[in-house]
Amino acid sequence: MRMGKSAQAAWQCVAMALCIAVAAGASAQTAAPATAPAAAPKAQATTTTSAPVATPSSLVKVADGRMLAPDIARIVNRGELVVAMLGVDTPPFFYEKNGELTGLEVDLAKAFAKELGVQVRFNRTAKTFNAVVETVARGEADMAISKLSRTLARTQVISFTQPYLTLNHALILNRVAFAQHARERAAPDVIRRFNGTIGVIAKSSFQDYAKRYFPKAKVMEYPSWPEVLKALEKGEVMAAYRDEFEIKRILKSNPTASLTLRTITLKDLEDTLGIAVGLSDRTLLAFANEFLVQRGDKLTINKVLAALEN
């Protein structure tokens with residue numbers, strides 16, 4: 001159907017009005033987002049101000065004005081380093097002489113305290129090596145320097161420095177009893193498959209070592225090393241197990257003992273001695289490690305044996 005000119009004009013007006021309305025709506029939609037980002041800077045500023053700001057608050061100011069790690073500041077502010085040490089004398093590492101505590105590890109502790117600028121106090125309440133470790137773990141001492149072997153069990157409750165002395169494991173054997181047990185077999189083969197009796201100090205590293213390295217042996221525990229040696233002499237045990245220094249010192253102090261006793265050094269097994277500190281004292285541990293690195297007087301088995309003579 002054909003429209004008249006007036007009708008066509010009317011439709012054109014309606015179409016134009018619709019276009020204007022659509023354009024206005026689109027314009028409004030386009031303009032709306034322009035106001036949204038205005039709030040963003042405000043929100044961003046709030047987040048920024050609430051974020052933590054790095055400060056030296058983890059350090060502690062001590063009396064002389066220095067800022068130190070908390071575990072070091074604790075010792076410096078106290079004015080003394082508390083060192084756990086076995087209550088049983090173990091020369092030449094630590095022992096009483098003329099009413100004064102002396103020895104290689106006593107000197108080591110004093111040198112460490114000097115680096116911190118404090119005095120040293122020894123806590124010797126522990127009667128076993130494991131008890132020395134527990135003293136540090138409970139926080140009753142800053143560290144332990146006490147001929148402590150670095151073992152897996154101990155490193156579950158304290159931290160050890162790098163070794164300051166490495167010794168081999170060793171056995172001292174009753175010659176007659178071992179010869180009867182070996183029955184002409186080569187000694188290394190017998191030792192590796194040893195199923196005799198081994199005497200050790202109770203609650204010591206060598207109690208753990210004996211169970212680990214001689215699983216077929218019967219391990220007998222005694223309160224002290226002299227009692228282990230008495231058991232060996234009486235034939236209660238066929239072997240006594242400890243580090244090479246303690247074994248060598250027996251023959252050194254009594255050369256005739258070699259007539260009845262035989263020593264075997266286990267070159268592939270090492271006993272490493274370290275300084276023990278609390279698990280949370282990480283800066284103290286790092287300081288102790290660096291102290292050992294820079295210390296000129298390194299301990300060796302020969303130096304330890306020489307100190308025994310003095």
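Residues numbered from 1 in each chain as written. Predicted model: local features only at pLDDT ≥ 70, side-chain atom pairs only at ≥ 80, totals over all residues. Heavy atoms only, no water.

Some thoughts on the pattern of salt bridges
A full pass over the atoms with the stated rule returns 18 salt bridges. Residue Arg-249 pairs with Glu-246 through a salt bridge whose shortest N-O separation is 3.3 Å. Of this pair, Arg-249 and Glu-246 are both found in helix α10 (residues 244-253), three residues apart, which corresponds to roughly one turn of the helix. Each member of the pair, Arg-249 as well as Glu-246, is classed as buried. (Salt bridge = Lys/Arg side-chain N within 4 Å of Asp/Glu carboxyl O. Helix = DSSP H or I, 4+ residues; strand = E, 2+ residues; numbered from the N terminus. Buried < 20%, exposed > 50% of the residue type's maximum accessible area, 1.4 Å probe, protein only.)

Quick look at the nonpolar core
The biggest cluster of nonpolar side chains holds 53 residues, and the ones touching the most others in it are Leu-81, Met-143 and Tyr-164. Looking at which element gives the most residues to this core, the answer is helix α4 (residues 104-116), with six residues. Discounting residues that sit within four places of it in the chain, Leu-81 has contacts with Ile-75, Ala-109, Phe-112, Ala-113, Leu-116, Val-118, Gln-119, Val-120, Arg-121, Asp-142 and Met-143. Within the second largest apolar cluster, 21 residues are counted, among which are Ala-182, Ala-187, Ala-210 and Ala-239. (Core = buried A, V, L, I, M, F, W, Y, C linked by side-chain atoms within 4.5 Å. Contact = heavy atoms within 4.5 Å.)

Side note on the environment of Tyr-241
Relative to the elements of secondary structure, Tyr-241 occurs in strand β12 (residues 239-243). By relative accessible area, Tyr-241 is classed as buried at 0%. Expressed as a C-alpha distance, the spacing of Tyr-241 and Ile-198, which sit 43 residues apart in the sequence, is 6.6 Å. Here His-169 takes part through its side chain, which lies 2.6 Å from a polar atom of the side chain of Tyr-241. (Polar contact = N/O pair within 3.5 Å; in protein donor to acceptor, adjacent residues only side chain to side chain.)

Notes on α10
All of the buried residues along α10 are Glu-244, Phe-245, Glu-246, Ile-247, Arg-249 and Ile-250. As for α10, its buried residues are in contact with β9 (165-174), α9 (225-234), β12, β13 (261-273) and α12 (301-309). Here α10 starts with a cap whose side-chain oxygen sits 3.0 Å from the backbone nitrogen of Phe-245, and that cap is Asp-243.

Quick look at the side chain of Asp-281
Looking at where Asp-281 falls in the secondary structure, it is placed in the loop between β14 (276-277) and α11 (282-294). What makes Asp-281 buried here is its relative accessible area of 9%. Side chain to side chain, Asp-281 and Arg-74 meet in a polar contact 3.0 Å long.

Digging into the packing of α10 against α12
Across the interface, α10 lies against α12 with an axial gap of 11 Å and an inter-helix angle of 40 degrees. The angle between the axes of α10 and α12 places the two elements in the oblique class. Read as a crossing pair, α10 and α12 show a hand that is right-handed. Note on element contacts: α12 touches α10 through Ile-301, Val-304, Leu-305, Leu-308 and Glu-309, opposite Glu-244, Phe-245, Lys-248, Arg-249 and Lys-252. (Axes fitted to C-alpha atoms, helices over the stretch in contact; angles between N-to-C directions. Parallel < 35°, antiparallel > 145°, perpendicular 65-115°, else oblique. Left-handed = near helix turned anticlockwise from the far one by under 90°.)

A few points about the confidence of the model for the protein chain
Summing up the model confidence of the protein chain, the mean pLDDT is 86 and the portion of residues at 70 or higher is 82%. In this model residues 1-55 is a low-confidence stretch, pLDDT under 50, and it forms two contacts with partners more than four residues away in sequence or in other chains. (pLDDT = per-residue confidence, 0-100.)

Details of the sheet that holds strand β8 (residues 159-160)
Spatial strand order, β6-β3-β7-β14-β8: five strands in an open sheet with mixed pairing. Each edge of the open sheet is held by one strand with a lone partner, namely β6 (119-123) and β8. Here β8 runs beside β14; their pairing, made up of two bridges, is antiparallel. Counted as the bridge partner of Ser-159 is Val-277 from β14. (Pairing = 2+ DSSP bridges.)

Section: the sheet that holds β9
What the five strands build is an open sheet, ordered β11-β10-β12-β9-β13; its pairing is mixed. Each of the sheet's edge strands pairs with one partner strand only, and the pair in question is β11 (218-222) and β13. Each adjacent strand pair in this sheet contributes to an overall mean axis angle of 25 degrees, direction not counted. Alignment of strand β10 (residues 197-201) against β11, held across five bridges, turns out to be parallel. Across the sheet, residue Ile-198 finds its bridge partner in β11, namely Val-219. Seen against the sheet, helix α8 (residues 205-213) touches β9, β10, β11, β12 and β13 and runs at an angle of roughly 115 degrees to β12. The sheet contacts of α9 involve β9, β10, β11, β12 and β13, and relative to β12 the element is tilted by about 150 degrees.

Things to note about the packing of aromatic side chains
According to the stated counting rule, one finds seven aromatic pairs in the structure shown. On the numbers, 5.1 Å between centres and 80 degrees between planes, the contact of Phe-112 with Phe-291 is edge-to-face. Placement of Phe-112 in helix α4 and of Phe-291 in helix α11 is noted, with a sequence separation of 179 residues between them. According to the relative accessible area criterion, Phe-291 is buried, its value standing at 9%. (Phe/Tyr/Trp six-rings, centres within 6.5 Å; stacked < 30°, edge-to-face > 60°.)

Notes on helix α3 (residues 70-78)
When α3 is considered as a whole, its buried residues turn out to be Asp-71, Ile-72, Ala-73, Ile-75 and Val-76. Those residues of α3 that are buried are in contact with β1 (60-61), β2 (67-68), β3 (80-84), α4 and α11. Two residues or fewer past α3, Gly-79 is found with a positive phi of approximately 85 degrees.

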